Amino acid sequence: MEEESQLPKWEGKTSAELKGPAAEEVWPLLADFCNIHKWFQSLETSYHVEGVPGQPGLVRYCGHRDHDDDEDDQTSDTIKFSAKEKLLMIDPVRRCLSYEILDNNWGLKSYVATMQVLDLDGNNDQSRRGCKIEWSFVCDPIEGWKFGDYVSLLDSCLLSMAKKMEHDAFPSTNS
């Protein structure tokens, strides 16, 4: 057996709350698998590569340009980090989806994640207190990363995504 396959898998979960919108309102934003860049702030682009939209087997491309060197240079066409991601499962009743990262250039191997939109405790049809998004993952350790640093990155990304959804998609709930 290869030494790498003997390392324990990383397994983690993060969540972020959205104030105001109900889970059934947020779910379509997340379920729009090929347009995740609208909400995931660090992504410059995401688009359909192959498969049927909304069905397992759908593959999307995600890319991020690195503007760290010159934040004013928004004209760069060079994608620094990229990945193809395959939708494994989508369940509109439970408001969850799972995907795996296929080809990527940032060191992820054997990565599977599940995202789910849940009502906050105490929500009912009349209650408009909000919802939360949970993002869980299982992957091989990432070379050059510490587990805690990777979870912190995902946490930061999900919090940013939730705030962007609250602000852009549900502006009337922000008051």
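What counts, and at which threshold
Throughout this document, residue positions are counted from 1 along each chain, in the order its sequence is written. Totals for whole chains, interfaces and linings use every residue, but because this is a predicted model, local features are given only for residues with pLDDT of at least 70 and side-chain atom pairs only at 80 or more, for both listing and counting. Neither water nor hydrogens contribute to the side-chain values; these are computed over all heavy atoms in the structure. A strand pair is defined by DSSP finding two or more bridges across the two strands. Helix numbers and strand numbers start at the N terminus; a helix is a DSSP run of H or I with at least 4 residues, a strand a run of E with at least 2. Only the stretch in contact is used when a helix axis is fitted, and all axes are lines through C-alpha atoms; the angle between N-to-C directions ranges over 0 to 180 degrees. Here, residues are in contact when the closest pair of their heavy atoms is within 4.5 Å. Per-residue confidence from the prediction method is given by pLDDT, with values spanning 0 to 100. A pair of aromatic rings is counted whenever rings of Phe, Tyr or Trp (Trp by its six-membered ring) have centres within 6.5 Å, and the orientation is called stacked for planes under 30 degrees apart, edge-to-face for over 60 and tilted otherwise. Each residue is placed in one exposure class: buried if its accessible area under a 1.4 Å probe, protein chains only, is under 20% of its type's maximum, exposed if it is over 50%, and partly exposed if it falls in between. Any carboxyl oxygen of Asp or Glu that lies within 4 Å of a side-chain nitrogen of Lys or Arg is treated as forming a salt bridge with it.

What follows deals with the sheet that holds strand S5 (residues 96–104). Backbone hydrogen bonds hold the strands of a sheet together, and the pairing may be parallel or antiparallel. Reading across from one edge, S1-S7-S6-S5-S4-S3-S2 is the order of the 7 strands in this open sheet, with antiparallel pairing throughout. The two strands at the open ends of the sheet, each matched to only one other strand, are strand S1 (10–19) and strand S2 (45–50). The sheet shows a mean angle of 25 degrees between the axes of neighbouring strands, direction not considered. As judged from the 8 bridges shared by strand S6 (residues 111–119) and strand S7 (residues 130–139), these two strands associate in the antiparallel manner. Residue pairing across strands places Asp-119 opposite Cys-131, the latter belonging to S7. Running at roughly 155 degrees to S6, helix H2 (residues 23–31) makes contact with S1, strand S4 (81–91), S5, S6 and S7 of the sheet. Each of S1, S6 and S7 is contacted by helix H3 (residues 147–169), which is oriented at about 25 degrees to S1, the strand it contacts most.

Residues at a pLDDT of 70 or more form 84% of the chain, whose mean pLDDT is 87. This model gives residues 69–73 a pLDDT under 50, and the stretch forms 1 contact once residues within four places in sequence are excluded.

A few words now on the packing of aromatic side chains. A full pass over the atoms with the stated rule returns 11 aromatic pairs. Ring centres 5.6 Å apart and planes at 75 degrees place the aromatic pair Trp-10 and Phe-147 in the edge-to-face group. With a gap of 137 residues between them, Trp-10 in strand S1 and Phe-147 in helix H3 connect regions that are remote in the sequence. Of the residues examined, Trp-10 reaches a relative accessible area of 11% and is grouped as buried. For Phe-147, a relative accessible area of 33% translates into the label partly exposed. When the centroid spacing of 6.3 Å and the interplanar angle of 40 degrees are considered together, the rings of Tyr-99 and Tyr-111 count as tilted.

Once that is clear, we can look at the side chain of Ser-82. Mapped onto the elements of the fold, Ser-82 is located in strand S4. Beyond its immediate stretch of four places on either side in the chain, Ser-82 contacts Tyr-61, Cys-62, Gly-63, Asp-103, Asn-104, Asn-105 and Trp-106.

Attention shifts here to the pairing of S6. One ladder, built from 6 bridges, connects S5 with S6; its direction is antiparallel. What sits directly across from Leu-97, in S6, is Met-115.

Here we take up the environment of Leu-158. Within the secondary structure layout, Leu-158 lies in helix H3. The sequence separation of Leu-158 and Thr-14 amounts to 144 residues, and the corresponding C-alpha distance is 7.7 Å. Excluding anything up to four places from it in sequence, Leu-158 contacts Thr-14, Ser-15, Ala-16, Met-115, Ile-133 and Trp-135.

Below, the discussion takes up the pattern of salt bridges. A full pass over the atoms with the stated rule returns 8 salt bridges. A salt bridge links Glu-17 to Lys-19; the shortest N-O distance between them is 2.8 Å. Among the residues examined, Glu-17 registers a relative accessible area of 44% and is labelled partly exposed. Of the charged contacts in the structure, one is a salt bridge between Arg-94 and Asp-91, with a shortest N-O distance of 3.9 Å. With relative accessibility at 48%, the residue Arg-94 sits in the partly exposed group.

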